[in-house]
Amino acid sequence: MMSNGKVIRTRPSFGVLIVLPLLLSLVSPIANASVAQEEPVGTSPEDVWSSDYIDMIFPWAPAGDNILQFREYHTYESMKQRMERLTEQNEDIFQFHEGLNGGVNARGETTTGDTYEGWHYMHATPWLKITGEVYDGDYNPFVGDSGNYADRPDVMIVGNHHAREWMSYQTPIMVMEVIAFSYDNIGYDNDGDGLIDEDGWGDDDGDGILDDDGDCLALDPSFQDSNGDGTPCGAGDLGVDEDYSEQWITDLVNSREIYLIPMLNVDGNIYDREVFCPAPAWETCPSGGWRKNLRNNGPEPLPDPNEQVDEDCDGVDLNRNYQFEWGWPLGATIPLVPGTCTPAEDERAGISNNDVYTGPFDTTDNDGDGVINEDNVDGEDDDNDGKTDEDWAGGNSEPETRFIQDMTEMNDDNGDGESEYKSTLTYHSYSELVLYPWGHCTGCQTTDHDQLVYHGDELAEMTQYTNMQSSDLYPTTGDFCDWHYGVHGSYCYTMEIGTAFHQHQDDVNHIAVRNLGVAFYMTDIADNPRERADLAIANISQQNYLEKLAEENIPEKGDIPIDICVANQFPYSESQTEILWRTVKPSRMQSDFGPREWATTAWKSVDVMAIENGCTTSNGNGTILRGMIPISETATGKLHYKASVTTLAGSDFYQYPADGQYFVLDLSYRAAYGSFLGSLFMFGLTASFVWGGLAVCLRMMLTDEEEIDLAQPESSEDQDEEDDADSGTA
């Protein structure tokens with residue numbers, strides 16, 4: 001265009017720059033749609049996970065610390081030091097103890113701290129009390145711990161009854177590390193793939209596959225069996241059960257009292273490691289080793305001048321020394337004179353005939369009637385005197401088993417005279433088995449057989465071990481689980497982990513990882529394991545769900561209703577069930593604002609109320625429990641919500657939508673001006689600004705002109721064009 005000897009050109013201007021982002025925002029979803037749908041599938045671990053996860057470098061210690069990285073075994077000293085260190089660093093949830101204070105126990109016996117010290121090295125068993133606000137609650141002067149709450153179920157986790165079973169204490173030590181690292185560390189990306197809480201322990205969705213997020217299954221088959229056990233994407237492999245919920249572990253710690261005893265048999269373990277089968281024991285005696293504690297069994301009554309361990313005669317098998325059905329069917333043997341013990345065929349790797357010695361007979365008249373051993377501990381009134389199990393034949397004779405006995409029987413938080421432990425777990429090695437009571441008899445079943453089988457199947461599923469009754473492996477006597485279940489009604493499981501007594505050090509990390517979920521499962525069901533099994537077997541608890549509220553269904557004003565649908569057969573407690581909620585608002589100052597930052601926002605709770613309208617479950621009709629969330633109409637950001645349902649019998653850890661998870665609802669202005677006209681006014685005002693601004697920008701774009709003097713062309717190319725034009729005109 002020419003005017004007065006000048007060319008007038010239009011060009012993109014400041015107005016275009018303003019409107020360009022708006023134009024791009026309209027077309028970018030279309031341009032990116034195909035890209036968003038094409039997620040790369042990794043064929044090697046490096047394509048999916050962080051190098052630390054691939055190399056099994058745990059985040060709680062430097063990569064070069066082989067003991068804390070579970071590439072070497074802990075010693076008694078290193079374990080104790082680590083327990084003390086973690087207590088110092090986590091004093092809100094950890095308490096470190098050794099043995100018990102003692103006093104008058106539940107049986108009327110007077111004990112002291114010395115009662116629980118080992119016979120030979122004189123160490124009491126170290127243990128941790130783990131619970132939220134551990135220095136509050138009630139103090140137990142006999143046990144020595146605080147953090148006792150009447151409304152928190154208790155669980156006992158024990159390792160290393162048998163000295164040579166080194167993996168049996170490594171696993172509870174890893175449980176300790178995971179709790180310390182995970183507590184209040186919400187939203188940690190455990191495998192480094194950019195996602196969180198995607199694959200908890202076990203088969204979360206019930207499809208028979210442990211790899212819930214599919215990252216292991218997506219690998220090239222050559223990478224799927226990282227632990228070399230022959231099962232691709234099985235328990236313990238990379239990418240399987242690897243990204244658990246730290247929120248769930250935090251909730252467990254805050255609602256449970258965990259008694260963690262990694263190494264019960266301190267005496268025997270020190271002796272096995274330092275004298276009988278020192279490292280590399282996995283090469284010199286993988287199938288042997290010292291099993292018992294270090295009780296001096298004689299020869300009696302002759303003196304023992306050197307006080308050394310007699311490897312043929314000394315020691316008691318701690319897992320044959322509990323009182324329930326003690327001495328049957330294997331019997332108890334006592335070496336009274338020299339020469340009564342037969343030497344082992346191979347004193348390093350073999351097993352002598354005294355390896356399962358159950359301990360001495362009890363010679364005390366326990367009930368003071370002038371007769372001894374008349375009513376053994378078996379749940380029956382053997383002497384027909386109206387009392388049960390009051391004059392036992394033997395058992396609980398050792399410092400270590402006395403420690404378990406008194407910790408169990410003196411832990412009564414609610415004053416009902418009963419032990420608080422409703423679930424107990426003991427790690428052993430080896431055989432890759434899950435064992436449940438009974439162990440003392442064959443062809444017999446407990447009254448809770450179906451329920452014990454159910455929970456055992458759950459443990460077997462997450463470890464891919466075999467679940468069986470203990471006596472089906474072989475009959476035992478004086479077993480920890482028989483005593484805990486038979487005397488105190490605790491659902492008790494023995495995990496036989498690994499493939500050797502002295503497992504090779506290369507296997508320590510992945511075997512411990514494989515068995516982590518077991519401890520947390522037993523902690524979860526500690527409230528009421530029988531009821532949990534009953535409801536699950538009948539497919540009742542699985543029908544419950546938290547309804548997900550769609551944005552279009554948010555009421556224009558007032559509180560926001562959140563509904564839980566519970567099966568009509570589910571015995572819910574309306575007064576103890578609640579909706580948990582919080583509101584979070586992403587910050588422009590934090591581009592990575594997400595679950596790890598949101599975790600600092602505390603959860604609030606509202607009560608629920610059953611309403612008349614019903615709901616539909618997978619198997620029939622249900623009841624709606626509704627909670628009203630008090631959210632302002634002008635609130636913005638995100639609403640997080642989840643449900644915690646409690647039963648009438650006290651099962652208190654049914655979480656929906658899933659353990660540690662929650663639903664998210666985007667909040668917007670629902671009725672900021674209180675009426676339709678107000679909302680319409682806001683729309684008009686907003687539209688005026690947007691479209692008015694767009695019109696101004698377009699006008700600026702079309703009228704932003706640049707004048708160019710024809711006498712001074714911008715370039716030689718422009719001059720040539722003008723010359724050609726003149727020639728053509730002439």
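See the structure shown above.
A few points on the structure. These numbers were taken from a predicted model, which means no experiment stands behind them.

**Some remarks on a negative patch on the surface**
(1) Moving on: A grouping of Glu 46, Asp 47, Asp 52 and Asp 55 is seen on the molecular surface, where their side chains present a negatively charged patch.
(2) Moving on: You can see Glu 46 is positioned in the loop between helix H1 (14-37) and helix H2 (51-54).
(3) Moving on: Residue Glu 46 is classed as exposed on the basis of its relative accessible area of 58%.

**Describing the sheet that holds strand E13 (residues 545-546)**
(1) Moving on: Strands sit in the order E13-E14-E18-E17 across an open sheet of 4 strands; the sheet is antiparallel. At either margin of the open sheet sits one strand with a lone partner, and together these are E13 and strand E17 (609-617).
(2) Moving on: The sheet contact formed by E17 and strand E18 (residues 620-629) spans 6 bridges and is antiparallel. Looking at E18, one finds that Gly 614 is bridged to Thr 623.

**Observations concerning the packing of helix H8 (residues 399-409) against helix H11 (residues 480-488)**
(1) Moving on: Where H8 meets H11, the axes come as close as 12 Å, and the angle between the chain directions of the two elements is 30°. If you check the angle between H8 and H11, you find them roughly parallel. For the element pair H8 and H11, the recorded crossing hand is right-handed. Side by side, H8 and H11 meet where Ile 404, Gln 405, Thr 408 and Glu 409 of the first sit next to Phe 480, Trp 483, His 484 and His 488 of the second.
(2) Moving on: Of the residues contributing to the contact of H8 with H11, the split by class is 3 nonpolar, 4 polar and 1 charged.

**Some thoughts on the side chain of Asp 154**
(1) Moving on: Along the chain, Asp 154 turns up in strand E7 (residues 154-159).
(2) Moving on: This buried residue, Asp 154, is left without a salt bridge; Lys 129 holds the nearest opposite charge, at 6.2 Å.
(3) Moving on: In this structure the side chain of Asp 154 is engaged in a polar contact, spanning 2.6 Å, whose partner is the side chain of Asn 411.
(4) Moving on: Excluding anything up to four places from it in sequence, Asp 154 contacts Glu 257, Tyr 259, Asn 411, Asp 413, Glu 420, Tyr 421, Lys 422, Ser 423 and Ala 526.

**A word on the state of the cysteines**
(1) Moving on: Under the criterion given, the structure shown has 5 disulfides.
(2) Moving on: In this model Cys 216 forms its disulfide with Cys 233; the gap between the sulfur atoms is 2.2 Å. Here the S-S torsion is close to -95°, and the disulfide linking Cys 216 with Cys 233 is therefore left-handed. One end of the pair, Cys 216, is in the loop between helix H4 (167-182) and helix H5 (246-255); the other, Cys 233, is in the loop between H4 and H5, and 17 residues separate them in sequence.

**Here's the deal with the pattern of salt bridges**
Close approach of charged atoms lets side chains of opposite charge pair.
(1) Moving on: Considering all chains together, one arrives at 21 salt bridges under this definition.
(2) Moving on: The salt bridge partner of Arg 164 is Asp 355, with a shortest N-O separation of 3.5 Å. Of this pair, Arg 164 sits in the loop between E7 and H4 while Asp 355 is found in the loop between helix H7 (281-284) and H8, placing the two residues 191 residues apart along the sequence.
(3) Moving on: According to the relative accessible area criterion, Arg 164 is buried, its value standing at 2%.
(4) Moving on: Exposure remark for Asp 355: the relative accessible area of 10% places this residue in the buried category.
(5) Moving on: The partner of Asp 527 in a salt bridge is Arg 256, with the nearest N and O atoms 3.5 Å apart. Within this pair, whereas Asp 527 is found in the loop between helix H13 (516-524) and helix H14 (529-537), its partner Arg 256 is found in the loop between H5 and strand E8 (257-261), the two being separated by 271 residues in sequence.

**Considerations on the packing of aromatic side chains**
Within a pair of aromatic rings, the relevant descriptors are the distance that separates the centres and the angle that separates the planes.
(1) Moving on: The tally for this structure, following the rule as stated, stands at 26 aromatic pairs.
(2) Moving on: Where Trp 127 meets Tyr 259, the ring centres are 5.8 Å apart and the plane angle is 25°; that geometry is what we call stacked. Note that Trp 127 is positioned in strand E6 (residues 126-130) and Tyr 259 in strand E8, a separation of 132 residues in sequence.
(3) Moving on: Take Trp 127: its relative accessible area is 0%, and that puts it in the buried class.
(4) Moving on: Relative accessible area serves as the criterion here: at 1%, Tyr 259 is assigned to the buried category.
(5) Moving on: Within the aromatic cluster, the residues linked to one another by ring pairs are Phe 58, Trp 60, Phe 70, Phe 181 and Tyr 188.
(6) Moving on: Here the guanidinium or amino end of Arg 256 rests over the ring plane of Phe 653, the centre of that ring lying 5.2 Å away.
(7) Moving on: For Arg 273, the ring lying beneath its charged end belongs to Trp 166, and the centroid distance is 4.7 Å.

**Re the sheet that holds strand E11 (residues 466-469)**
(1) Moving on: Strands sit in the order E3-E6-E8-E7-E9-E12-E10-E11 across an open sheet of 8 strands; the sheet is mixed. Each having just a single partner strand, strand E3 (94-98) and E11 make up the two edges of the open sheet. Averaged over all neighbouring strand pairs, the angle between strand axes comes to 20°, with direction disregarded.
(2) Moving on: One ladder, built from 3 bridges, connects strand E10 (residues 433-436) with strand E12 (residues 491-496); its direction is antiparallel. Bridged to Leu 435 within E12 is Thr 494.
(3) Moving on: Lying over the sheet, H13 contacts E7, E8, strand E9 (421-428) and E12, oriented at roughly 165° with respect to E9.

**Thoughts on the packing of helix H9 (residues 449-463) against H14**
(1) Moving on: H14 packs onto H9 with a crossing angle of 80° between their chain directions and a minimal axis gap of 9 Å. Classified by the angle their axes make, H9 and H14 are roughly perpendicular. Contact residues: H9 offers Asp 450, Gln 451, Tyr 454 and His 455, while H14 offers Pro 529, Arg 530, Arg 532, Ala 533, Asp 534, Ala 536 and Ile 537.
(2) Moving on: A breakdown of the residues in the contact of H9 with H14 according to their chemical character gives 5 nonpolar, 2 polar and 4 charged.

**Examining the pairing of strand E14 (residues 560-567)**
(1) Moving on: Among the 8 residues in E14, 7 count as buried, and that is most of the element.
(2) Moving on: Pairing of E13 with E14, which is carried by 2 bridges, proceeds in the antiparallel orientation. Looking at the pairing, Leu 546 lines up with Ile 564 of E14.
(3) Moving on: One ladder, built from 8 bridges, connects E14 with E18; its direction is antiparallel. In the sheet register, Asp 563 faces E18, and the bridge partner there is Arg 626.

**What about the environment of Pro 286?**
(1) Moving on: With respect to the helices and strands, the residue Pro 286 is situated in the loop between H7 and H8.
(2) Moving on: Along the backbone, Pro 286 and Thr 499 are 213 residues apart, and their C-alpha atoms lie at a distance of 9.4 Å.

**Points about H5**
(1) Moving on: By the criterion of burial, H5 is predominantly enclosed, with 9 of the 10 residues buried.
(2) Moving on: Those residues of H5 that fall on the buried side of the exposure criterion are Glu 246, Gln 247, Trp 248, Ile 249, Thr 250, Asp 251, Leu 252, Val 253 and Ser 255.
(3) Moving on: On its buried face, H5 sits against E6, H4, H13, strand E19 (637-645) and strand E20 (654-656).
(4) Moving on: Two or three places before Gln 247, at the start of H5, stands the capping residue Ser 245, its side-chain oxygen 3.3 Å from that residue's backbone nitrogen.

**Considering unusual backbone geometry**
Keep in mind that most residues, glycine aside, have a negative phi and that most peptide bonds are trans.
(1) Moving on: Across the junction of Ser 429 and Tyr 430, the peptide omega takes the value 15°, indicating a cis bond.
(2) Moving on: Mapped onto the elements, Tyr 430 comes out in the loop between E9 and E10.
(3) Moving on: Here Met 56, not a glycine, exhibits a phi torsion of approximately 55°, which is positive.
(4) Moving on: Mapped onto the elements, Met 56 comes out in the loop between H2 and helix H3 (76-89).
(5) Moving on: By relative accessible area, which is 18% here, Met 56 ends up buried.
(6) Moving on: Positive phi, close to 55°, is recorded for Gln 464, a residue that is not glycine.

Reading guide: rules and limits
- Residues numbered from 1 in each chain as written.
- Predicted model: local features only at pLDDT ≥ 70, side-chain atom pairs only at ≥ 80, totals over all residues.
- Heavy atoms only, no water.
- Patch = residues over 30% accessible without salt bridge, like charges linked within 9 Å, V, L, I, M, F, W, Y side chains within 5 Å.
- Areas by Shrake-Rupley, 256 points an atom, 1.4 Å probe, with all protein chains shown as cover.
- Salt bridge = Lys/Arg side-chain N within 4 Å of Asp/Glu carboxyl O.
- Lys, Arg positive; Asp, Glu negative; His and termini not counted.
- Charge placed at Lys NZ, Arg CZ, Asp CG, Glu CD.
- Helix = DSSP H or I, 4+ residues; strand = E, 2+ residues; numbered from the N terminus.
- Buried < 20%, exposed > 50% of the residue type's maximum accessible area, 1.4 Å probe, protein only.
- Pairing = 2+ DSSP bridges.
- Axes fitted to C-alpha atoms, helices over the stretch in contact; angles between N-to-C directions.
- Parallel < 35°, antiparallel > 145°, perpendicular 65-115°, else oblique.
- Left-handed = near helix turned anticlockwise from the far one by under 90°.
- Contact = heavy atoms within 4.5 Å.
- Nonpolar A, V, L, I, M, F, W, Y, C, P; charged D, E, K, R; others polar.
- Polar contact = N/O pair within 3.5 Å; in protein donor to acceptor, adjacent residues only side chain to side chain.
- Disulfide = S-S within 2.5 Å.
- Phe/Tyr/Trp six-rings, centres within 6.5 Å; stacked < 30°, edge-to-face > 60°.
- Lys NZ or Arg CZ within 6 Å of the ring centre and 35° of its normal.

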